[in-house]
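# Structural overview for review
Next come the chains, spelled out residue by residue.
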Amino acid sequence: MIRRGSNRYSVASVAMRVAIALAIAGCSDTDRPMTTLAPKSDLAQWIQNLFIEVTLWDALVFAIVVVAFILALFVFSTRVGEAAPASTASSDLGLEIAWTLGPVLILLMISVPTIRTIFRSQPAVPPAGALVIKVVAHQWWWEFDYPDGAKTGNELHIPVNRPIRLSLESADIIHSFWVPQLGGKRDVVPGQINELTFVATVVGMYPGQCAEFCGLSHANMRFRTFVDSPEDFAKWDRDQLAGPVATPTSNQLASDGAKVFADSPCTTCHMIQGVSKGYIGPDLTHFGGRTTLAAGVLQNTPANVAKWIEDPQAIKPGANMPPLLLPGPKLNALVAYLESLK
Amino acid sequence: MAAQPKPLPVHQPSYLEGGGIVGWLTTIDHKRVAVMYLASALFFMAFGGIEAMAIRVQLWGPDNHALSAATYNAFFTMHGTTMIFLVVMPLLLGFLGNFLIPLQIGARDVAFPRLNALSFWLALIAGILLHLGWIRGGLPDAGWFGYANLTERYFTPGLAIDWWVIGLLVSGTSTVLTGLNFLTTIIAMRAPGMTYMRMPMFIWSLLVTSILILIAFPALTIGLIFLLFDRFFDTHFYIASAGATPILWQHLFWLFGHPEVYIMALPAFGIISEVVPTFSRKPLFGYPMMAYSICLIAFLSYGVWGHHMFATGMGPVADSAFAITSMLIAIPTGVKIFSWIATVWGGSLRMTTAFYFALGMVLEFTIGGLSGIMHASAPVDLQQTDSYFVVAHFHYVLFGGAMFAILSAFYYWWPKISGRMLGERIGKWHFWLTIVGFNLTFFPMHFLGMWGMPRRTYTYAADMGWTHLNRLETVGAFILGFAFLLFYINIFKSLISGERAPADPWDGRSLEWSTPSPPPAYNFATIPQIRGRDAWWILKYGRAGSRGVAAYMSGQAPSPPPSEPVSVEHIHMPAPSIFPLVLSLGVGMMGLGLIIDWYRIVIMGALVVVLSVIGMGFEYPDYGQESHDPEHAPSSGGIDVRKIGVWSFIGSECVFFASLISTFIVYKARSVSGPGPEILNIPLTSLSTFILLMSSLLMVLALAATQRGDKRWERIWLGGTVLFGLIFLCGQAYEFTSFVHEGMGLTTNLFSQSFFVLVGFHGAHVAIGVIWLSVLLVAAITGNLGKSRATSVELAGLYWHFVDVVWIIIFTLVYLMQAVPGA
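Residues numbered from 1 in each chain as written. Chains lettered and ligands numbered in written order. Predicted model: local features only at pLDDT ≥ 70, side-chain atom pairs only at ≥ 80, totals over all residues. Heavy atoms only, no water.

Glancing now at helix α4 (residues 113-131) of chain B. Along its 19 residues, α4(B) runs 28 Å from first to last C-alpha, staying within 8% of the 27 Å computed at 1.5 Å per residue. The element α4(B) is largely enclosed, with a buried count of 17 among its 19 residues. (Helix = DSSP H or I, 4+ residues; strand = E, 2+ residues; numbered from the N terminus. Expected span 1.5 Å × (residues − 1). Buried < 20%, exposed > 50% of the residue type's maximum accessible area, 1.4 Å probe, protein only.)

Let's shift gears to the interface of chain B and chain A. Contacts between the two partners involve 89 residues from chain B and, on the opposite side, 87 residues from chain A. When the area that chain B buries against chain A is broken down by residue, the three leading residues are B:Phe338, B:Gln383 and B:Trp451, summing to 10%. Counting the contacts that link chain B with chain A gives zero salt bridges. Viewed at the interface, chain A and chain B are joined by 21 residue pairs in polar contact (both at pLDDT 80 or more). Only α3 (69-105), α7 (247-280), α9 (316-328), α10 (330-344), β1 (348-349), α11 (353-376), α12 (378-384) and α14 (424-450) of chain B provide two or more residues apiece to the side of chain B that touches chain A. Looking at side-chain class alone, the side of chain B that touches chain A contains 54 nonpolar, 26 polar and nine charged residues. Relative to β1(B), strand β1 (residues 78-79) of chain A is paired through two bridges, and the arrangement is parallel. Its bridge partner being in β1(B), A:Arg79 is matched across the sheet by B:Leu349. (Contact = heavy atoms within 4.5 Å. Buried area = accessible area lost by both parts, 1.4 Å probe. Salt bridge = Lys/Arg side-chain N within 4 Å of Asp/Glu carboxyl O. Polar contact = N/O pair within 3.5 Å; in protein donor to acceptor, adjacent residues only side chain to side chain. Nonpolar A, V, L, I, M, F, W, Y, C, P; charged D, E, K, R; others polar. Pairing = 2+ DSSP bridges.)

Moving on to a nonpolar patch on the surface. Residues A:Ile70, A:Phe74, A:Val75, A:Phe76 and B:Trp345 make up a contiguous nonpolar surface patch of roughly 490 Å² in combined accessible area. You can see A:Phe76 is positioned in the loop between α2 (42-75) and β1. (Patch = residues over 30% accessible without salt bridge, like charges linked within 9 Å, V, L, I, M, F, W, Y side chains within 5 Å. Areas by Shrake-Rupley, 256 points an atom, 1.4 Å probe, with all protein chains shown as cover.)

It is worth spelling out the pattern of salt bridges at this point. All names here are of chain B. Applying the stated rule across the entire model yields 18 salt bridges over all chains. Asp29 is the salt-bridge partner of Lys31, the closest N and O atoms lying 3.1 Å from each other. Where Asp504 meets Lys540, a salt bridge forms, and the shortest distance between an N and an O atom there is 2.7 Å. Here the residue Asp504 occupies a position in the loop between α15 (467-497) and α16 (535-541), and Lys540 occupies one in helix α16, the gap between them amounting to 36 residues. Take Asp504 and Lys540: they sit in the same class, and that class is buried. Several salt bridges converge on common partners, so that one network encompasses Arg281, Asp504, Asp507 and Lys540.

With that settled, the discussion passes to unusual backbone geometry. A cis geometry characterises the amide bond from A:Gln139 onward to A:Trp140, with omega recorded as -5 degrees. Tracing the backbone shows A:Trp140 in the loop between β2 (131-138) and β3 (141-145). Residue B:Ser517 is joined to B:Pro518 through a cis peptide bond whose omega torsion reads -10 degrees. Considering the arrangement of structural elements, one finds B:Pro518 in the loop between α15 and α16. Phi at B:Asp507 takes a positive value of approximately 55 degrees, unusual for a residue other than glycine. With respect to the element layout, B:Asp507 can be found in the loop between α15 and α16. Notably, B:Asp534 is not glycine yet its phi reads approximately 50 degrees, a positive angle.

All names here are of chain B. Mapping Ser408 onto the fold places it in helix α13 (residues 388-418). We classify Ser408 as buried; its relative accessible area is 0%. Sequence-distant contacts of Ser408, defined by excluding residues within four places in its chain, comprise Val275, Ala354, Phe357 and Ala358.

Okay, the sheet that holds β2(A) next. Residues and elements named next belong to chain A. The mixed open sheet is built from five strands, whose spatial order is β4-β3-β2-β6-β9. The sheet terminates laterally at β4 (151-153) and β9 (194-199), the two strands that pair on one side only. In this sheet, neighbouring strand axes are inclined to one another by 25 degrees on average, regardless of whether the strands run parallel or antiparallel. The pairing of β3 with β4 spans three bridges and is antiparallel. Bridge pairing links Glu143 to Gly153 in β4. (Axes fitted to C-alpha atoms, helices over the stretch in contact; angles between N-to-C directions.)

Residue and element names in this part refer to chain B. On inspection of all chains with the given rule, the structure shows 91 aromatic pairs over all chains. Arranged with centres 5.2 Å apart and planes meeting at 55 degrees, the rings of Phe145 and Trp254 form a pair that is tilted. Residue Phe145 is located in the loop between α4 and α5 (160-188), and its partner Trp254 is located in helix α7; the two are separated by 109 residues in the primary sequence. In this structure, Phe145 and Trp254 share a single accessibility class: buried. When the ring of Trp164 is compared with that of Trp249, the centres are 6.2 Å apart and the planes differ by 45 degrees; the resulting orientation is tilted. Here Trp164 is found in helix α5, whereas its partner Trp249 is found in helix α7, with 85 residues between them in sequence. Taken individually, Trp164 and Trp249 each receive the classification buried, so the pair is uniform in this respect. The ring centre of Trp537 lies 4.3 Å from the NZ or CZ of Arg509, which sits over that ring. Note that Arg533 overlies the ring of Tyr287, its terminal NZ or CZ placed 3.8 Å from the centroid. (Phe/Tyr/Trp six-rings, centres within 6.5 Å; stacked < 30°, edge-to-face > 60°. Lys NZ or Arg CZ within 6 Å of the ring centre and 35° of its normal.)

Here is the structure:
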């Protein structure tokens, strides 16, 4: 099979690819939300195409090795005590050339699409119309800053079918940004800005996780990416830019909670627009609208929020957030307030 | 008629007998040193194995609490560090390499027996230092490749990383000395007639591995030194806010790290190339290509380090280059796999446990190599790196490759080493349980990686779909643990009641099988004459090849009755020495004192080290007491082995200084503030440079005087060299202090720290040279030098000239080129 250009395949290789894709898709992404085998972006698709190619060549080589191994061990040899050995040949130029050149040719087949994909996936300048989002990695949470000033933590929203350029910075040490369904990972390195460029092609929610060991709670540095329709994204963006949702007067608990928050040490580290200016921890202005907390570790429910506030270290060892000891009613009020910030 | 080994007049004690505890503490016999390495490695392997099992217990289920996050992170760090530095490398090099190199090349010991013992004791001290965190300060917990800037004191305070840095520095020193020793031994001490193309393939692999060690470890040393300085002396080699980059650590580490995995893989390949031909009763297929492929793999291994950094944003050109080189390295590796299979093909197979493990290695390593091809494709790697996919890959190549080879080697050579056979029945159980356990533990990891499970995570969420495979892997790990238990039991049983081993239980092909099991301390009664590859096979069966073998197969005894017995009284073996142990204890004191802030202990340790070095230098007043066999000329064509040793050392020093100089060039213009090269005083430094160069001239004159027996001028020129060296050092001291007065100290900015560390280390080398020459001067003055010891002067001269050449490079790049814009 000789590939000429990216659009012509022999029937056999198409059939093989379909079979493999089906087999892989059988490991569906609903069961395995972090799978790399269900591409939802152009980048992830290119990577998977390359992965399938390499896997096929690998499978071919492995089959040859296994067959040769079995033949050598069980067919074309004798056991000690049986007849004398068939031959003591210890060289064969033809064979040695074949098993040197063969791999060279295979690697050539792999290297050409590899280099093409490398260059295609790392454009020097952002594509036209790209949405450039600054990502700042902290120990152990993710900050997302939008060009129009919207700020959020641990839940990234992006529009479908529009080029995204993530501009990755670190606040402390090396982390790695990885959303498997949207493409490969890119390290986040202090002192340099790394970039990840892709176009998400399917609306949905895709989990991600830090992929470079970054200390005690590396395992707890998770996040979610929401690929929204253009309308949904625009609405979300507007809501983020707006100030905090006013607490309805009917929600007494939440109003009490607002006072608890304003008087608490929380204001040192967390920002709620118009209320506090802390920037050490995630921005909480629209915390109630997020699906998870503690960087993707817990579902965002009142019980979990309370658990988190009382003892962050129990959930996330090493977290910079100190425990907050509040009597029950005050804690409940605070939780209600935070959950009301949609 | 084929020559046969002659029997000995009386029972010769084996190397294991005699001497008591003191005998073992002062031994320099390569076989005893090998056994000590084995004991130490088996001890640390238990630690590394238990750490692995604990990891698997914690990962049994999601959100598990068997281990805390802190313990888990320490355990995966120690598992990797222990298995690589304290188990696999010591087993391949310190144990198997040490035991077999002299026996396979027909020598009586290695080139530098006391250095060999020193390597062992340093390795043991390193292992202890790495584990002292159990007692105080906590275990290292930043991963076995400890990325900056997590390892900076700000992010990881406490002693844990300090133990790691010091432990690895000591371990690295031990390994470099071993590389130097092995390289010199293989070059200089092969039996007559053993050309390079007649060496056993295991020796080929160790020859090339030794070169890899010498050129790879200095990069790690420099990386660790920078981290040490950051943690102890407040420099900023890896801190971005000072203009530096943590990526420097990655470059230095992987420049070491990738050759390191070939340091583990090549000896493993060498082992398979010994075991497979023996049990196929056929010569190794494609010997020349096997030798060349080892060389090509080693050469290419220096060009691939960036494939560990595909995710760091090096840019598409670098990514493509490293992808290509990483794919290229698969080609010589594939040649080896096919050649081994071709060796089995058509053979007359003897299915022993050793052979099983070797065959298993071929298949498992192939799997690991194929997943390596996937990693080589950079875009694919961006999904796979830092996930369980790469954990699968490296366990297939390191465990399925190196460890399987070690286990094969064990079953193969244990009879020779211990004089006992290992049980074949337990062996087969050990093998099959290992195969099942190993594949059950590591094959599913490919899938976990494809399903997005990151590595080094102490727990995972229940809704990710990872739970079932993790459970399976934990079961596999326990099967594997049980298999290793069987292994330890097999060893134990064999020592207590194992069947006594004959000299040549496998009808082997190489020279070690011509000695008794276990061998006497002196290895060979007479050094054999080598007539071809598979030297022992030829000695047994002649070059007739299959005719000789056919004779064996038809039951004819291969050997005629021996003639007269041979005398062994003339064999003179090197004398034991306490200095390797004492020197290592001094190094341990220095490391310990530095970490726990007892500076008196550091100074005492340094004193012990210096005195031990001098003691070792004078221990044998006549070079010859530590000599090797005068029966045959060195295969290096008459070059004194000590010169080869010094040249090997110089080779590794080149990489040491190249790393320092490269860092300086990269960092000198990145200071955020503070003085730059304009602070340098070129006229003054030109003068001190001239003095240093003239000292080299004086050194040449000193050597010439020594060689012609002119004692007076020998002393004058030596004294002059020392004096000029001291003047240079005084000039440096003046320069450094004046910089401090002008406001540039060690930690002022990137320029200052790179400058002081580079020039400071060079100055330290000059100082060591001055001490060395002063010792020689004292020897000359007291009448103990002289023409017969001219080589000692020549060795010092080699070192001294090297240090001068390095200074010329530093002077040019640091001082002169700063006047060139953009340099």
